[in-house]
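Structure at a glance
As a plain string of letters, each chain reads:
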Amino acid sequence: MVNYESAKQEYLKLEHAEKKVRLMTLFEIFQSHSVSIQKMIPLLQADQMRDEEMVEAYDNLVAAIQSVEWEKLQASLSQMDTLQAKMEQLRQQEAAERAKENPDALLLQM
């Protein structure tokens, strides 16, 4: 689990440009859910947000992320595990099929 307090502390230590990049990443994630974020994006891009405003926005978004119910987060991560396992299984099947192929027989068929 992410330590949100340490994430906030690390954000405070960043230079202005690094804060801007990290905040823009969060803005891009949340922009479809918030009209205010949509309005803030051009301000951030034009470097018209003060450092204090960026910190407050980052803090608000981290709080939003933190408030996600643990069960929902775990369910989503579990789905990611399932997807990754399926992908790995398919890769292994494909590798096994390629290992069984006879290159000489394939050439003869062509």
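For the structure itself, consult the block above.
The model shown is predicted, which means the values in this text are computed figures rather than measured ones. (Residues numbered from 1 in each chain as written. Predicted model: local features only at pLDDT ≥ 70, side-chain atom pairs only at ≥ 80, totals over all residues. Heavy atoms only, no water.)

Moving on, we come to the packing of aromatic side chains. Scanning the model with the defined rule gives one aromatic pair in all. Ring centres of Tyr11 and Tyr58 lie 3.7 Å apart, and the angle between their planes is 0 degrees; on these two criteria the pair is classed as stacked. With a gap of 47 residues between them, Tyr11 in helix 1 (residues 4-13) and Tyr58 in helix 4 (residues 51-66) connect regions that are remote in the sequence. Here Tyr11 falls in the buried class, since its relative accessible area comes to 1%. (Phe/Tyr/Trp six-rings, centres within 6.5 Å; stacked < 30°, edge-to-face > 60°. Helix = DSSP H or I, 4+ residues; strand = E, 2+ residues; numbered from the N terminus. Buried < 20%, exposed > 50% of the residue type's maximum accessible area, 1.4 Å probe, protein only.)

Before going further, it helps to spend a moment on the side chain of Lys8. Among the structural elements, Lys8 can be located in helix 1. Judged by its relative accessible area of 15%, Lys8 falls in the buried class. Excluding residues within four positions of it along the chain, Lys8 makes contact with Tyr58, Asp59, Val62 and Gln66. (Contact = heavy atoms within 4.5 Å.)

To continue, consider helix 1. Every buried residue of helix 1 is listed here: Tyr4, Lys8 and Tyr11. The arc that holds the buried residues of helix 1, viewed along the axis, is 60 degrees, so those residues lie on one side. Next to the buried residues of helix 1 lie helix 2 (16-30) and helix 4. (Arc of directions from axis to C-beta.)

It is worth spelling out the packing of helix 1 against helix 4 at this point. Between helix 1 and helix 4, whose axes approach to 11 Å, the crossing angle comes to 160 degrees. Here helix 4 runs roughly antiparallel to helix 1, going by the angle between their axes. Helix 1 and helix 4 meet at a crossing whose hand is right-handed. Between helix 1 and helix 4, the residues in contact are Tyr4, Ala7, Lys8, Tyr11 and Leu12 and Met54, Val55, Tyr58, Asp59, Val62, Ile65 and Gln66, respectively. (Axes fitted to C-alpha atoms, helices over the stretch in contact; angles between N-to-C directions. Parallel < 35°, antiparallel > 145°, perpendicular 65-115°, else oblique. Left-handed = near helix turned anticlockwise from the far one by under 90°.)

All right, on to the pattern of salt bridges then. Within this structure, the stated rule accounts for six salt bridges. In this structure, Glu10 engages Lys13 in a salt bridge whose closest nitrogen and oxygen atoms are separated by 3.5 Å. Note that Glu10 and Lys13 are positioned in helix 1 at a spacing of three residues, about one turn of the helix. With a relative accessible area of 61%, Lys13 lands in the exposed category. Arg50 is the partner of Glu53 in a salt bridge, and the nearest nitrogen-oxygen pair spans 3.2 Å. Salt bridges here are not isolated pairs; linked through shared partners, they connect Glu5, Lys8 and Asp59. (Salt bridge = Lys/Arg side-chain N within 4 Å of Asp/Glu carboxyl O.)

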